[in-house]
Amino acid sequence: MRCGNWRYRTVTTNPSSSAQEARRALGGRLRDMRKDAGLSGRELAAVTGQHPTRVSKIENGAQAPTDHDIRRWCAACAADDQAPDLIATLRSVDSSYLEFRRQARAGMKRVLGAHTLQQYEQTKVFRIYEHNVIPGLFQTAEYSTAMLSFWTAFLGAPNDIEDAVAVRMERQRVIRRGGKRFVVVLEEQALRTWFGTAETQAGQLGRLLELLSRPNISLGIIPLMTERTAVGSTGFWIFDDTLVALETPTASIQVTQPQECTMYARMFEVLKGSAVYGRAARGLIVGILNELDSSIPSPEGHEPH
């Protein structure tokens, strides 16, 4: 794609692609089972009491089977011994896509997706890319409160913001644990997207400056106006090499297929190549802080700094 005098690649990520691919893989296993049993799609449909179109949709991953469907399918193909493994695979597919609204019924402190304390404690290397928000691990309590206030209203969740913020602050202790590394790439836009007041945003940027000095954190920032080779279409977190987590406005997506995890890792490396680090990253943050200073009303009787 050409934009002005720049050429770059847009690296797209379909948030539901992992679940879709897993459904297709499960459907492929069911199709192979049917063929090994010498049954046509129509014959299997007649034996299991389904419409042939539904059998086709399940085999092509367009529709997920139920536990009952799998048991009947295996029985028709004389493969009852495979039913437990296939049902376990089905449940794994279902859990890869977690609806926030369903989780939010018990309050925002339950809306975690892959971001559980257990997952954070298990992970040794975090690779994080965010394009319009500061990662939760780096958020101040004020910034997190402002952000969660919107999501509480949007998802119609009970107002437990204080508890939800406390959960997020508790997870941040992992930064101080030994043996863990955090490799983070932020778009400059994430530094310029306000949650709450200018004072809240200034406090958040100050927090980032503090984190730049930690030896276990690598923080890169991709400037707004820079020549680059790729643009990520959504934020994502890579936990070691085994799990990728990303979010839509309504759901958390968890990618565990090794081939897809590898693709996200490759994407992360490409994005890292456009980022600036160290003194240059600090300069970007300080520059935005200076802009914020001019928008914060000074105390009565004092000149703005």
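This one's a predicted model, so the numbers in the text were calculated from it and none came from an experiment.

### Details of the overall build of the protein
Okay, so step 1: When its secondary structure is counted, the protein shows 13 helices and 11 strands.
Okay, so step 2: Within the protein, buried positions represent 46% of all 305 residues.
Okay, so step 3: Partitioning the contacts of the protein with sequence separation of at least 6, the portion at a separation of at least 24 is 76%.
Okay, so step 4: With the model as given, the accessible surface of the protein reaches about 15800 Å², and the carbon-plus-sulfur share is 51%.

### A look at the pattern of salt bridges
Okay, so step 1: Applying the stated criterion across every chain, the model contains 12 salt bridges.
Okay, so step 2: The salt bridge involving Glu59 is made with Arg34; its shortest N-O contact spans 2.6 Å. Taken together, the positions of Glu59 in helix α3 (residues 52–59) and Arg34 in helix α1 (residues 17–36) put the pair 25 residues apart, joining distant regions of the chain.
Okay, so step 3: Owing to a relative accessible area of 9%, Arg34 belongs among the buried residues under this scheme.

### Some details on helix α8 (residues 141–155)
Okay, so step 1: End to end, α8 covers 20 Å across 15 residues, agreeing with the expected 21 Å (1.5 Å per residue, within 8%).
Okay, so step 2: Among all positions in α8, only Tyr143, Ser144, Met147, Leu148, Thr152 and Leu155 are buried.
Okay, so step 3: Gly156, located one to two residues past α8, shows a positive phi value of around 65°.

### What to know about the side chain of Gln50
Okay, so step 1: For Gln50, the location among the structural elements is in the loop between α2 (41–48) and α3.
Okay, so step 2: Polar side-chain contacts of Gln50 include one of 3.0 Å to the side chain of Thr48.
Okay, so step 3: Not counting chain neighbours up to four residues away, the residues in contact with Gln50 comprise Ala45, Val55, Ile58, Asp69, Arg72 and Trp73.

### Re the nonpolar core
Okay, so step 1: In this structure, Phe126, Leu137, Phe138, Leu191, Leu208 and Ile285 are the most contacted members of the largest nonpolar core, which totals 37 residues.
Okay, so step 2: Dropping the residues within four chain positions of it, Leu191 is found in contact with Ile134, Leu186, Gln201, Leu205, Leu208, Ile221, Ile285 and Ile288.

### A closer look at the side chain of Thr193
Okay, so step 1: Among the structural elements, Thr193 can be located in the loop between α10 (188–192) and α11 (198–211).
Okay, so step 2: From its side chain, Thr193 meets the backbone oxygen of Gln189 in a polar contact 2.8 Å long.
Okay, so step 3: Beyond its immediate sequence surroundings of up to four residues, Thr193 is in contact with Asn132, Tyr143 and Gln201.

### With respect to the confidence of the model for the protein
Okay, so step 1: When pLDDT is averaged along the protein, the result is 85; 83% of the residues meet or exceed 70.
Okay, so step 2: Across residues 1–15, confidence stays below pLDDT 50; counting only partners more than four residues off in sequence or on other chains, it has 32 contacts.

### Here we look at the packing of aromatic side chains
Okay, so step 1: Under the definition given, this model contains 13 aromatic pairs.
Okay, so step 2: Taking 6.2 Å as the distance between ring centres and 25° as the angle between the ring planes, the aromatic pair formed by Tyr120 and Trp237 counts as stacked. Of this pair, Tyr120 sits in helix α7 (residues 117–122) while Trp237 sits in strand β9 (residues 236–239), and the two are 117 residues apart along the sequence. The same class applies to Tyr120 and to Trp237, which are both buried.
Okay, so step 3: Between Phe150 and Trp151 the ring centres are 4.9 Å apart and the planes differ by 70°, which places this aromatic pair in the edge-to-face class.
Okay, so step 4: The class of Phe150 is partly exposed, set by a relative accessible area of 46%.
Okay, so step 5: Ring pairing ties together the aromatic residues Tyr120, Phe126, Phe182, Trp237 and Phe239, which thus form one cluster.

### Looking at the pairing of strand β5 (residues 125–130)
Okay, so step 1: Among the six residues that make up β5, five are buried, leaving the element largely enclosed by the rest of the structure.
Okay, so step 2: As paired strands, β5 and strand β6 (residues 181–187) are joined by six bridges and run parallel to one another. Looking at β6, one finds that Val125 is bridged to Arg181.
Okay, so step 3: With four bridges connecting them, β5 and β9 associate as antiparallel partners. Bridge pairing in β9 places Ile128 opposite Trp237.

About the thresholds
Residues numbered from 1 in each chain as written. Predicted model: local features only at pLDDT ≥ 70, side-chain atom pairs only at ≥ 80, totals over all residues. Heavy atoms only, no water. Helix = DSSP H or I, 4+ residues; strand = E, 2+ residues; numbered from the N terminus. Buried < 20%, exposed > 50% of the residue type's maximum accessible area, 1.4 Å probe, protein only. Contact = heavy atoms within 4.5 Å. Areas by Shrake-Rupley, 256 points an atom, 1.4 Å probe, with all protein chains shown as cover. Salt bridge = Lys/Arg side-chain N within 4 Å of Asp/Glu carboxyl O. Expected span 1.5 Å × (residues − 1). Polar contact = N/O pair within 3.5 Å; in protein donor to acceptor, adjacent residues only side chain to side chain. Core = buried A, V, L, I, M, F, W, Y, C linked by side-chain atoms within 4.5 Å. pLDDT = per-residue confidence, 0-100. Phe/Tyr/Trp six-rings, centres within 6.5 Å; stacked < 30°, edge-to-face > 60°. Pairing = 2+ DSSP bridges.

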